[in-house]
Amino acid sequence: MKRSLVYIISVVLATVSCINEKTEGADLAAGDLIPDFKVTMNDGTELTGAMLREAPSCIMFFHTSCPDCRQALPVMQKIYDEYASKGVRFALISREEEGDTIAAFWKEHGLTMPYSAQKTRKIYNLFAQTRVPRIYVCEKGGTIRFIHTDAPVPEFEDLDKEISCICGTCKE
């Protein structure tokens, strides 16, 4: 009985989507540049790292089954609503998640941000090795200024202040 319980707990812990074991990849920090990559967004448009470097940008990696991502996504929607029309570019990119699952989550929660469904960690691994959510706030030119994970999940006020600063209209 104990052995079965230990096995079940081990399987559950191994499948937690927020924190997975370390895999080969980058571990970008503030001051690094957005890497080169290309993704297709849910509306069929292509988005590249070069395109994000042309303007202030906000990149988020997520998985909709992750509780911390579920907490961060509505915050990102508010940030998107506030800043997309002001020229900030957004890239919401899944980590190992199918488009149908994301579309259903978006619909259920009234989200309108564009996203890219990625079945693998290929793009994610250009940025990080572990943990979602991961949010990168980047200035024009592609320098990463701020990075957020689940420790703690950022609030609207945190991201609002940071993005306003990279846009040159700091809110103190």
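Small disclaimer: the values here were computed from a predicted structure and weren't measured.

A. Main features of the environment of Glu-162. Structurally, Glu-162 is set in helix H6 (residues 156-166). Taking the relative accessible area as the measure of exposure, Glu-162 reaches 12% and is therefore buried. Sequence spacing of Glu-162 and Glu-139 is 23 residues, and the spatial spacing of their C-alpha atoms is 9.9 Å. Setting aside its immediate chain neighbours within four residues, Glu-162 contacts Val-137, Phe-146 and His-148. At a separation of 2.7 Å, a polar atom in the side chain of Glu-162 contacts the side chain of His-148.

B. Expanded view of the nonpolar core. Counting residues in each nonpolar core, the largest one holds 47 residues, and the members touching the most others are Ile-59 and Trp-106. Where this core is concerned, the elements lending two or more residues are strand S3 (57-62), helix H3 (67-83), strand S4 (89-94), helix H4 (99-109), helix H5 (124-127), strand S6 (134-138) and H6. Residue contributions to this core peak at eight residues, all from H3. Contact partners of Ile-59, with chain neighbours within four places excluded, come to Ile-34, Leu-52, Ala-91, Ile-93, Phe-127, Arg-134, Ile-135, Tyr-136 and Cys-138.

Reading guide: rules and limits
- Residues numbered from 1 in each chain as written.
- Predicted model: local features only at pLDDT ≥ 70, side-chain atom pairs only at ≥ 80, totals over all residues.
- Heavy atoms only, no water.
- Helix = DSSP H or I, 4+ residues; strand = E, 2+ residues; numbered from the N terminus.
- Buried < 20%, exposed > 50% of the residue type's maximum accessible area, 1.4 Å probe, protein only.
- Contact = heavy atoms within 4.5 Å.
- Polar contact = N/O pair within 3.5 Å; in protein donor to acceptor, adjacent residues only side chain to side chain.
- Core = buried A, V, L, I, M, F, W, Y, C linked by side-chain atoms within 4.5 Å.

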